[in-house]
Amino acid sequence: MEPTSNYSVLIVDDERANLLLLNQILSGEYRVFTAKSGAEALSRAENESPDLILLDIMMPDMSGFDVLKQLKEDPATQDIPVIIVTGLTGTDDEEKGFSLGAVDYITKPFKEAIVKARVKTHMRILDQIRTLERLGFSDPLTKLANRRNFGRRLALEWRKAIRDRALISFLMMDLDKFKNYNDFYGHTQGDILLKRAARVLSEIASSSSDLAARLGGEEFGLLMPGVNATNALAIAEKIRLDIGTMRVPTIDGSKVITSITISIGVNTITPVKNDSPKDFISKTYECLIAAKAAGRNRVVSDLK
Ligand SMILES: [Mg+2]
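None of the values given here were measured: they were computed from a predicted structure.

So, how was this worked out
- Throughout this document, residue positions are counted from 1 along each chain, in the order its sequence is written.
- Only residues with pLDDT of at least 70 are given local features in this predicted model, and only at 80 or more are side-chain atom pairs given and counted; all residues enter the totals for whole chains, interfaces and linings.
- By convention in this description, side-chain values take in all heavy atoms of the structure and omit both hydrogens and water.
- Donor criterion used throughout: N, O or S atom within 2.8 Å of the metal, extended to 3.2 Å for Na, K and Ca. Water excluded; incomplete-looking sites may result.
- The numbering of helices and of strands both runs from the N terminus, where a helix is a DSSP run of H or I of at least 4 residues and a strand a run of E of at least 2.
- Relative accessibility thresholds used throughout: buried, under 20% of the residue-type maximum; exposed, over 50%; partly exposed, between the two (1.4 Å probe, protein chains only).
- Think of each axis as a best-fit line through the C-alpha atoms, taken over the contacting stretch in the case of a helix, with angles from 0 to 180 degrees between the N-to-C directions.
- Two helices cross in a left-handed way if the nearer one is turned anticlockwise from the farther one by less than a right angle. They cross in a right-handed way if the turn is clockwise.
- Between two residues, a contact is recorded if the distance between any of their heavy atoms is within 4.5 Å.
- Three residue categories are used. Nonpolar comprises Ala, Val, Leu, Ile, Met, Phe, Trp, Tyr, Cys and Pro, charged comprises Asp, Glu, Lys and Arg, and polar comprises the others, including Gly.
- Throughout, the arc means that of the directions going from the helix axis to the C-beta atoms.
- In this analysis a 1.4 Å probe is tested at points of a 1 Å grid over the protein atoms alone, and where it fits but cannot get out there is a cavity; an open set with protein on both sides within 12 Å along at least five of seven lines is a pocket; lining residues have an atom within 4 Å of a point.
- Grid points are joined across faces, edges and corners, and a volume is the space filled by probe spheres set on the points.

Draft legend 1. Representation of the coordination of the magnesium ion in the model. Summarising the metal site, the magnesium ion is bound by the protein donors D14 (OD), D56 (OD) and M58 (O), whose distances to it range over 2.1 to 2.2 Å. Spacing between the donor residues of the magnesium ion along the chain follows D-x41-D-x1-M. With D14 in the loop between strand 1 (8–12) and helix 1 (16–26) and M58 in the loop between strand 3 (52–56) and helix 3 (64–73), this pair connects stretches of sequence that are 44 residues apart. Owing to a relative accessible area of 28%, D14 belongs among the partly exposed residues under this scheme.

Structure (structure tokens):
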């Protein structure tokens, strides 16, 4: 019989009877893979990329906890949600499972309805995650946040800053004469340069609350909640220097130092009720325009 959904489940249990039972419960709906040991589970997880794993804890060679730990350490498998299956009713095991990154647990003996419901819940969450990915919150070329994602985060951080009476700093940046570069070296080389510049930004946007975004063609933004004006200015200067001296690989693999520079507008605010994020962005943009007008390759902040 063909499963009714496209999702797949890997069932891991050292006892054949359990494997058979879970397989029987789930195979009508999902593609099911099984593994009888931890080692087999790790290799199947890597090779089959299941959408969900049901993982037994008590196994002779390698415990489910060890399997879980290894799954979470491997970039190929770390995002696969894991439901731990335990005969142990101690909440310690559930806690340990959660702390290692499991998303849920099921206790033995199995109740068919519960197994089905738990699995269905996690498949629904997967659906939502994939929808978000499909809607696209990142720029495909540079992998930075795209404009849509930036707008969403700005709105969120703005509300938080009003509530906490906290600072927000923003850098708006534009590569100087990028069009000339693109015309001279071609679009492929232009894309390489954009990716390299994006990496410089990602490396500098080190704090987890910072958000580096590609706002348009050669225009980038860096949103830094909690960063004061002095530090924002220092970060902008560092970006300007790093972009000005970055080495950009050429299409044929040899390296060149680019002659590209960047202009940056910097703005900092402690927003209060009725302040508009739009005005804040426009003022930052004015700083960027002023940097361009003053001869490019410079930082202009609203302090000056
Ligand atoms: Mg077992």
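Next comes the rest of the write-up.
Draft legend 2. Up close: the packing of helix 6 (residues 147–164) against helix 10 (residues 277–293). For the pair helix 6 and helix 10, interaxial distance at closest approach is 11 Å and the crossing angle is 115°. Our pair here, helix 6 against helix 10, has a crossing hand that is right-handed. Across the interface between the two elements, F150, L154 and W158 of helix 6 pack against P277, F280 and I281 of helix 10. Looking at the contact of helix 6 with helix 10, its residues break down into six nonpolar, no polar and no charged.

Draft legend 3. Expanded view of helix 7 (residues 178–185). Buried within helix 7 are the following residues: F178, Y181 and N182. Summarising the axial view, the buried residues of helix 7 lie within an arc of 95°, below the 170-degree limit, and thus occupy one face. Across from the buried face of helix 7, at angles greater than 90 degrees, the exposed residues are K179, D183 and F184. Packing partners of the buried residues in helix 7 comprise strand 6 (168–175), helix 8 (187–204) and strand 9 (247–249).

Draft legend 4. Inspection of the layout of surface pockets at higher detail. Approximately 250 Å³ is the volume found for the largest pocket. In this structure, the largest pocket is lined by 15 residues; those nearest its centre are D79, I80, P81, L126 and R130. Empty space within the second largest pocket amounts to approximately 160 Å³. Lining the second largest pocket are R147, F150, G151, L154, M172, L215, P277, K278 and I281. When residues of the lining of the second largest pocket are traced back to their parent elements, those giving at least two are helix 6 and helix 10. Top contributing element to the lining of the second largest pocket by residue count: helix 6, with four residues. Classifying every residue of the lining of the second largest pocket by side-chain character gives six nonpolar, one polar and two charged.

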